[in-house]
Amino acid sequence: MGVLKLPKYVEMAGGVAPVTECKAGEIAPLVILANMRDHVVRAEALLEDITVRNDSVWGVNTITGSYRCTPVTVCCAGIGAGQTSNVMEELINLGGKIFLQIGATGAIQENIAMGDTVIPTGAVRDEGVTRYYAPQQYPAVSDYRVVNALVKAARAAGNTVHAGIIRTTDGFYPSQRIEEYVKTYKDIGVLSVEQEVAAILAIAACRGCYAGASLIVVGNLVTGSHSWNGDSVELVENEYFDQIGFVLDALVELKDELL
Ligand SMILES: O=P(O)(O)O[C@H]1O[C@H](CO)[C@@H](O)[C@H]1O
Ligand SMILES: O=c1cc[nH]c(=O)[nH]1
């Protein structure tokens, strides 16, 4: 059987990456990843000198500007580990080095309240894409300096913080909402579930980059409370967005420490 000679990265005319539609010179080493387009729009208000604004046909939105005189990229990949892998690959190829995710999560411990912040130290790789990066025994962990910076910044902003292991799944519905899985992971101390972090942590580590995440608790799968049921909607909406401020602060601190 012959070996196929495939390029590592696909490039369109003008050196444009197909999923993000970004090209060389447009991506800062410091990157915030989000899953809601509104977060990119709202992040614009916190940045100065926006030089890049790309809305790709695949629904990925990217801006690059500066925060505290430091270039920063904010990118919305949409939901899921698979598309997050596509986006991270392109951003790493274009110079991204530290990736901090701002997102939401569903708690599976009773003591974690709506509006609290979860900072993952690691994530159960219960998604499909990272098997192509590393054997299943490979852990998805955050760099300890990234965890420290995020915990410090989140606490300084007045948040109740839980740092620990979370679980990443491909799907939102059956994969997270089967009682026996919730119980299994709850009993071994997993804090919460979401859909991207294991991929972000493992891909960054495999590619010589750094990553971490700050997740706002929007529901609790054990107690049954959820912002979508009308519980704590305002609290969750505000804190969901407010994360951007302290995550930007952590990102700029990490630049001096890691790059
Ligand atoms: O708010 P975000 O970051 O999207 O986080 C969570 O909420 C979305 C729906 O499950 C998934 O993307 C999950 O990871
Ligand atoms: O329950 C939840 C809440 C947010 N995000 C998830 O993936 N699950």
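Here the structure is a predicted model, which means the values were calculated and not measured. (Residues numbered from 1 in each chain as written. Chains lettered and ligands numbered in written order. Predicted model: local features only at pLDDT ≥ 70, side-chain atom pairs only at ≥ 80, totals over all residues. Heavy atoms only, no water.)

1. What to know about the side chain of serine 142
In plain terms, the rule: Secondary structure elements follow DSSP: runs of H or I no shorter than four residues count as helices, runs of E no shorter than two count as strands, and numbering proceeds from the N terminus. Any N or O atom pair separated by 3.5 Å or less is treated as a polar contact, with the protein-specific requirement of one donor-capable and one acceptor-capable atom, and with residues adjacent in sequence counted only for side-chain atom pairs. Note on definitions: a residue-residue contact is assigned when non-hydrogen atoms from the two residues lie within 4.5 Å.
Here serine 142 is to be found in the loop between strand E7 (140-141) and helix H3 (144-156). In this structure the side chain of serine 142 is engaged in a polar contact, spanning 2.7 Å, whose partner is the backbone oxygen of alanine 211. Setting aside chain neighbours within four positions, we find serine 142 in contact with Pro120, Thr121, Val147, Leu201, Ala211 and Gly212.

2. Considerations on the site of ligand 1
For clarity, the cut-off: The nearness test applies per residue and asks whether one of its heavy atoms lies within 4 Å of the molecule or strand. The accessible surface values rely on the Shrake-Rupley method and a 1.4 Å probe; as for residues, cover is taken only from the protein chains in view. Following the grouping adopted for this structure description, the nonpolar residues are Ala, Val, Leu, Ile, Met, Phe, Trp, Tyr, Cys and Pro, the charged ones are Asp, Glu, Lys and Arg, and the polar ones are all others, Gly among them.
Ligand 1 sits among Asn35, Ile79, Gln101, Ile102, Gly103, Ala104, Phe172, Glu194, Gln195, Glu196 and Tyr240. Taking asparagine 35, its side chain carries an N or O atom lying 2.3 Å from an oxygen atom of ligand 1. Within the contact set of ligand 1, an oxygen atom lies 3.1 Å away from a backbone nitrogen or oxygen of alanine 104. Contact with the protein chains removes 90% of the 330 Å² of surface that ligand 1 exposes when unbound. The biggest single contributor to the shell around ligand 1 is strand E5 (residues 98-107), with 4 residues. Of the residues that constitute the shell around ligand 1, the class distribution is 5 nonpolar, 4 polar and 2 charged.

3. Some words on unusual backbone geometry
Among all residues save glycine, negative phi is the norm, and among peptide bonds the norm is trans. We count it as follows: Exposure classes here rest on a 1.4 Å probe applied to the protein chains alone. A residue is buried below 20% of its type maximum, exposed above 50%, and partly exposed in between.
The phi dihedral of arginine 68 falls on the positive side, at around 45 degrees, and the residue is not glycine. Tracing the chain through its elements places arginine 68 in the loop between strand E3 (61-67) and strand E4 (70-76). Of the residues examined, arginine 68 reaches a relative accessible area of 44% and is grouped as partly exposed. Unusually for a residue other than glycine, cysteine 69 sits at a positive phi of about 65 degrees. Relative accessible area serves as the criterion here: at 75%, cysteine 69 is assigned to the exposed category.

4. With respect to the site of ligand 2
The local shell around ligand 2 consists of Ala104, Thr105, Gly106, Phe172, Gln176, Arg177, Val193, Glu194, Gln195, Val218 and Leu221. Side-chain polar atom of glutamine 176 to a nitrogen atom of ligand 2: 2.7 Å apart, as the coordinates give it. Contacts to ligand 2 include arginine 177, whose side-chain N or O atom sits 2.8 Å from an oxygen atom. Protein chains shield 93% of the accessible area of ligand 2, which is 240 Å² for the free molecule. At the level of elements, E5 and strand E9 (192-194) are the ones that each hand at least two residues to the shell around ligand 2. Examining the composition of the shell around ligand 2, we find that 3 residues originate from one element, E5, more than from any other. Residue composition of the shell around ligand 2, grouped by class: 5 nonpolar, 4 polar and 2 charged.

In short, the description is geometric, and any link to function would need to be established separately.
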